[in-house]
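For reference, the chains in residue letters:
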Amino acid sequence: LSKIYEMVINNDPSYAYLLESNADVDQKLVMAHVFGHVDFFKNNFMFRHTHRKMMDEMANHATRVRRYQDKLGVEPVEDFVDRCLSLENLIDYQSPYVKRRPDREAPEGAEAERKVAQGLKADREYMREYINPPAFLAAEQKKLDEEASRKKKFPERPERDVLLFLLEHAPLERWEHDVLSIIREEAYYFAPQGQTKIMNEGWATYWHSTIMTQKALDASEIIDYADHHSGTLATQPGQLNPYKLGVELWRDIEDRWNKGRFGKEYDECDSYVERKHWDKRLGLGREKIFEVRKHYNDVTFIDEFLNLEFCVEQKLFTFGYSDKHQRWEIMERDFRKVKEKLLHMLTNFGQPSISVEDGNHENRGELLLVHRHDGVDLKLDYMRDTLRNVQSLWRRPVNLVSKVEGRGAMFRFDGGEHSDRRAEL
């Protein structure tokens with residue numbers, strides 16, 4: 001068993017079942033794959049903030065929701081849950097790792113910036129308290145504070161976590177607030193899995209392949225295993241298989257660091273023949289993949305390690321719909337375009353980045369959302385459904401600024417009908 005522990009860095013006694021039981025090939029394959037996932041979840045930095053007892057917490061969530069159903073009825077609670085689930089991607093995926101908000105305590109010197117009421121001018125000092133009695137000064141100070149409050153931006157800076165903003169400021173009933181907080185908490189729990197899908201599945205595939213072929217199978221089981229494994233890695237034109245891309249990139253990293261295909265000397269070598277036969281026999285591959293497993297997510301993983309040679313070897317390409325030929329076809333094989341497209345798909349899960357810009361738009365209590373346009377227009381039907389569901393929580397009209405066909409536009413839903421107009425960006 002010590003060999004298995006060394007390979008997966010996880011001395012779980014259930015490995016004994018994998019090696020010694022009468023489990024069939026399917027069971028062994030599933031267990032070996034799961035062991036790879038367990039190691040990844042345990043060691044990757046994206047899961048450092050994960051609630052380790054979330055399964056128990058989710059059971060508590062289900063109990064709370066059922067209580068609301070018993071009290072209020074199944075239909076209204078399910079309808080509210082559905083609306084919240086349609087908004088669960090409106091969170092700040094980086095907030096567990098990046099501090100966005102300042103400390104709640106007032107910064108030093110904040111009081112000094114507050115305007116103080118001076119009252120009316122008094123030519124004689126002894127007349128000041130008669131001309132400006134305390135009640136008058138208090139009234140003047142209140143006016144100044146109210147004016148400053150109106151001018152103060154709300155929120156002070158764009159809020160990427162739209163659900164958090166709604167929890168803090170929307171006029172929700174207590175049960176609605178509780179249900180929305182449940183949806184948000186679970187969205188953050190599952191977010192790291194979406195941010196490491198390619199790495200995670202590739203890592204598990206790498207290790208189930210290693211364990212199965214080196215330790216867990218006898219000769220009579222190899223063909224069955226190969227049949228199942230090939231199904232896992234199968235790809236179809238126009239579709240991305242995270243298992244395939246992930247495991248091939250892990251193997252490429254291991255091979256490159258074993259042969260020393262990295263660093264200044266290798267990067268500056270412009271001879272195709274030399275690069276193809278480059279082998280410094282460093283044997284650093286296994287050490288490197290454990291390091292990468294710990295410190296990267298999908299975006300940084302692809303950005304750092306997907307290179308030209310890998311792209312050519314794996315025959316990667318982008319595809320799209322050709323208006324000229326009226327069909328879907330290969331658009332680009334250029335390495336830079338392929339990598340850019342892949343990174344775009346992975347950033348924010350390929351979903352629109354929307355933040356709260358103003359919670360009191362035009363001083364009417366309306367909500368203003370802003371879409372950070374990244375070259376892809378919003379799907380208008382999805383956008384209208386999103387506005388409708390956000391408005392149902394905010395209880396006031398909701399606006400969204402975006403760009404459509406290169407022009408700024410503001411979309412609005414007031415609870416009854418949708419409208420849109422030109423807007424400056």
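Attention here is on the structure that accompanies the text. (Residues numbered from 1 in each chain as written. Predicted model: local features only at pLDDT ≥ 70, side-chain atom pairs only at ≥ 80, totals over all residues. Heavy atoms only, no water.)

Take the packing of helix 12 (residues 242–259) against helix 15 (residues 285–295) next. Relative orientation of the contacting elements helix 12 and helix 15 amounts to 135°, with a least axis distance of 7 Å. Between helix 12 and helix 15, the angle falls in the class oblique. As for how helix 12 packs across helix 15, the hand of that crossing is right-handed. Between helix 12, through W250, I253, E254, W257 and N258, and helix 15, the contact on the second element is made entirely by G285, R286, K288, I289, V292 and R293. Tallied by class, residues from the contact of helix 12 with helix 15 come to 5 nonpolar, 2 polar and 4 charged. (Axes fitted to C-alpha atoms, helices over the stretch in contact; angles between N-to-C directions. Helix = DSSP H or I, 4+ residues; strand = E, 2+ residues; numbered from the N terminus. Parallel < 35°, antiparallel > 145°, perpendicular 65-115°, else oblique. Left-handed = near helix turned anticlockwise from the far one by under 90°. Contact = heavy atoms within 4.5 Å. Nonpolar A, V, L, I, M, F, W, Y, C, P; charged D, E, K, R; others polar.)

On to unusual backbone geometry. Even without being glycine, R395 reaches a positive phi, approximately 70°. For R395, the position within the fold is in the loop between helix 19 (380–394) and strand 5 (398–404). R395 sits in the partly exposed class, given a relative accessible area of 34%. (Buried < 20%, exposed > 50% of the residue type's maximum accessible area, 1.4 Å probe, protein only.)

A cluster of nonpolar side chains, namely V30, V34 and V38, defines an oily patch on the protein surface of about 210 Å² accessible area. Note that V34 resides in helix 3 (residues 25–43). According to the relative accessible area criterion, V34 is partly exposed, its value standing at 38%. (Patch = residues over 30% accessible without salt bridge, like charges linked within 9 Å, V, L, I, M, F, W, Y side chains within 5 Å. Areas by Shrake-Rupley, 256 points an atom, 1.4 Å probe, with all protein chains shown as cover. Salt bridge = Lys/Arg side-chain N within 4 Å of Asp/Glu carboxyl O.)

Here we come to the pattern of salt bridges. Taken as a whole, this structure holds 20 salt bridges when the rule is applied. Here R64 ties to D178 by a salt bridge, and the two come within 2.4 Å at their closest N and O atoms. Of this pair, R64 sits in helix 4 (residues 54–72) while D178 is found in helix 9 (residues 174–195), placing the two residues 114 residues apart along the sequence. For R64, a relative accessible area of 25% puts it in the partly exposed group. For D178, a relative accessible area of 14% gives the class buried.

On to the nonpolar core. Counting 40 residues, the largest nonpolar core has L166, L180 and L367 as the members making the most contacts within it. With 8 residues, helix 9 is the single largest residue contributor to this core. One finds W203, Y206, L233 and I302 within the second-largest nonpolar core, a separate group that totals 30 residues. (Core = buried A, V, L, I, M, F, W, Y, C linked by side-chain atoms within 4.5 Å.)

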